[in-house]
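# Commentary on secondary and tertiary structure
Given next are the chains, with one letter for each unit.
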Amino acid sequence: MRLRRILAAGIATAALAGLGLTGAATATAQGVPSAVSPSQCREGGGTPRIDLPGNPCVGGTYDGQAVD
């Protein structure tokens, strides 16, 4: 009985992890850039904040994206 529960939990964890990877791949395939240039951030209506952790673009189209 205990082995069945452990095995079922392992299979469920693997299935959920697979769904998470599929969702991440879909978001990347839709053309969402992982990083934008400072000029792209400004053109999108945002402000590049390279002084903050992660160098985010704040506001506009690319809000929250990393500035490269």
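Residues numbered from 1 in each chain as written. Predicted model: local features only at pLDDT ≥ 70, side-chain atom pairs only at ≥ 80, totals over all residues. Heavy atoms only, no water.

### A short note on the state of the cysteines
For the structure on display, the rule yields 1 disulfide. In this model, cysteine 41 is linked to cysteine 57 through a disulfide, with the two sulfur atoms separated by 2.0 Å. An S-S torsion of about 90° defines the bridge between cysteine 41 and cysteine 57 as right-handed. Taken together, the residues cysteine 41 in helix H2 (residues 38–43) and cysteine 57 in strand S3 (residues 57–58) connect sequence positions 16 residues apart. With relative accessibility at 0%, the residue cysteine 57 sits in the buried group. (Disulfide = S-S within 2.5 Å. Helix = DSSP H or I, 4+ residues; strand = E, 2+ residues; numbered from the N terminus. Buried < 20%, exposed > 50% of the residue type's maximum accessible area, 1.4 Å probe, protein only.)

### Examining the environment of serine 37
Of note, serine 37 is situated in the loop between strand S1 (35–36) and H2. Serine 37 sits in the partly exposed class, given a relative accessible area of 24%. Residues serine 37 and valine 67, 30 residues apart in the sequence, show an inter-C-alpha distance of 5.5 Å. When residues no more than four places from it in sequence are discounted, the contact partners of serine 37 are Val67 and Asp68. Engagement of the side chain of serine 37 in a polar contact is seen with the side chain of serine 39, the distance being 3.1 Å. (Contact = heavy atoms within 4.5 Å. Polar contact = N/O pair within 3.5 Å; in protein donor to acceptor, adjacent residues only side chain to side chain.)

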